[in-house]
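Observations on chain architecture
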Amino acid sequence: MIKLAIACDHAGFEYKEYLKKELSAQFEITDYGTHSAASVDYPDFVHPAAISVEKGENQFGILVCGSGQGVQLTANKHAGIRCALCWMPELGALARQHNNCNMLALPARFIAKELSLEIAKTFLSTPFEGGRHQSRVDKISAGC
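Definitions and cut-offs
- Residues numbered from 1 in each chain as written.
- Predicted model: local features only at pLDDT ≥ 70, side-chain atom pairs only at ≥ 80, totals over all residues.
- Heavy atoms only, no water.
- UniProt positions renumbered as here; feature names shortened; annotations may be inferred.
- Buried < 20%, exposed > 50% of the residue type's maximum accessible area, 1.4 Å probe, protein only.
- Helix = DSSP H or I, 4+ residues; strand = E, 2+ residues; numbered from the N terminus.
- Right-handed = clockwise from strand over helix to strand, strands pointing away.
- Pairing = 2+ DSSP bridges.
- Axes fitted to C-alpha atoms, helices over the stretch in contact; angles between N-to-C directions.
- Contact = heavy atoms within 4.5 Å.
- Core = buried A, V, L, I, M, F, W, Y, C linked by side-chain atoms within 4.5 Å.
- Parallel < 35°, antiparallel > 145°, perpendicular 65-115°, else oblique.
- Left-handed = near helix turned anticlockwise from the far one by under 90°.
- Nonpolar A, V, L, I, M, F, W, Y, C, P; charged D, E, K, R; others polar.
- Salt bridge = Lys/Arg side-chain N within 4 Å of Asp/Glu carboxyl O.

Going by the annotation in an unreviewed UniProt entry, the name recorded for the chain is Ribose 5-phosphate isomerase B, with Bergeyella cardium given as the source organism. Here the chain is described in UniProt, under the heading Sequence similarities (unreviewed entry), as follows: "Belongs to the LacAB/RpiB family."

Structural data, given as structure tokens:
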């Protein structure tokens, strides 16, 4: 079973719980928090989730905050992470196909819960195409 890290801030809490429920039959999910809708600082939860993916403890990660921007920016500070902010399934597919992204950021305040699930399922089921994309992906962390 594929191992999946999931984390959020207060704005993404409801979506995180929904995604956990909907994906738990297909994935082994580790929840890095937050565990309520009380205001929190998203880096406190994103960094541990990103580290788990970076170390290979989880193969993929899903992050949720209000805009998706903060969690994406935080995750991408890790050299082994390629996190894409996606608001439609096609972007989730391309993030995997062309960029071999290993984390997905979702904007809870801008998409419906059902759409977040569709994006997550698309992201998690789409393989990396490799080929011409591999050399580009190799150059992403070249300066780190």
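And the narrative resumes.
Burial analysis of strand β1 (residues 2–8) places 5 of its 7 residues in the buried class, which makes it a mostly covered element. A crossover connection joins β1 to the parallel strand β2 (residues 27–31) through helix α1 (residues 13–23); in handedness this β-α-β unit is right-handed. Note: β1 against strand β3 (residues 60–65), 5 bridges, orientation parallel. Residue pairing in the sheet places Ala5 in a bridge with Gly61 of β3.

Here we come to the sheet that holds β2. Ordered by their spatial adjacency, 5 strands build an open sheet running β2-β1-β3-β5-β4, and the pairing between neighbours is parallel. If you trace the sheet from one side to the other, it starts and ends with β2 and β4 (83–85), each paired once. With strand direction ignored, the average angle separating the axes of adjacent strands in the sheet is 25°. Where α1 meets the sheet, its contacts fall on β1, β2, β3 and β5 (103–107), and the angle it forms with β1 comes to roughly 165°. Contacts between helix α5 (residues 113–125) and the sheet are confined to β1, β2, β3 and β5, with β5 contributing the most and set at about 165° to the helix.

What follows is about the nonpolar core. Ranked by size, the top nonpolar core spans 25 residues in total, and within it Leu19, Leu23, Ile62, Val64, Leu104, Leu106 and Leu124 carry the most contacts. Going through the elements one at a time, β1, α1, β3, β5 and α5 are the ones with two or more residues in this core. Apart from the residues within four sequence positions on either side, Ile62 is in contact with Leu4, Ala5, Ile6, Ala7, Leu19, Leu23, Leu104, Leu106, Ala120 and Leu124.

Contact pair helix α4 (residues 89–97) / α5: the axes reach a minimum separation of 8 Å and the direction vectors enclose 20°. In terms of their interaxial angle, α4 and α5 are classed as roughly parallel. Our pair here, α4 against α5, has a crossing hand that is right-handed. The segment α4 lies against α5, with Pro89, Gly92, Ala93, Ala95 and Arg96 engaging Leu115, Glu118, Ile119, Thr122 and Phe123. The residue makeup of the contact of α4 with α5, split by class, is 6 nonpolar, 2 polar and 2 charged.

Our focus in this paragraph is the pattern of salt bridges. Evaluation of the coordinates by the stated rule reveals 6 salt bridges. Of the charged contacts in the structure, one is a salt bridge between Lys16 and Glu17, with a shortest N-O distance of 2.8 Å. Overall, Lys16 belongs to the buried group, its relative accessible area being 0%. Close ionic contact of Lys20 with Glu17 constitutes a salt bridge, the shortest N to O distance being 3.4 Å.

Glancing now at the environment of Pro127. Inspection of the secondary structure assignment puts Pro127 in the loop between α5 and α6 (132–140). You can call Pro127 exposed: its relative accessible area is 56%. It is 19 Å that separates the C-alpha atoms of Pro127 and Lys139, two residues lying 12 residues apart in sequence. Ignoring sequence-local partners within four residues, the contact set of Pro127 consists of Arg96 and Gln97.

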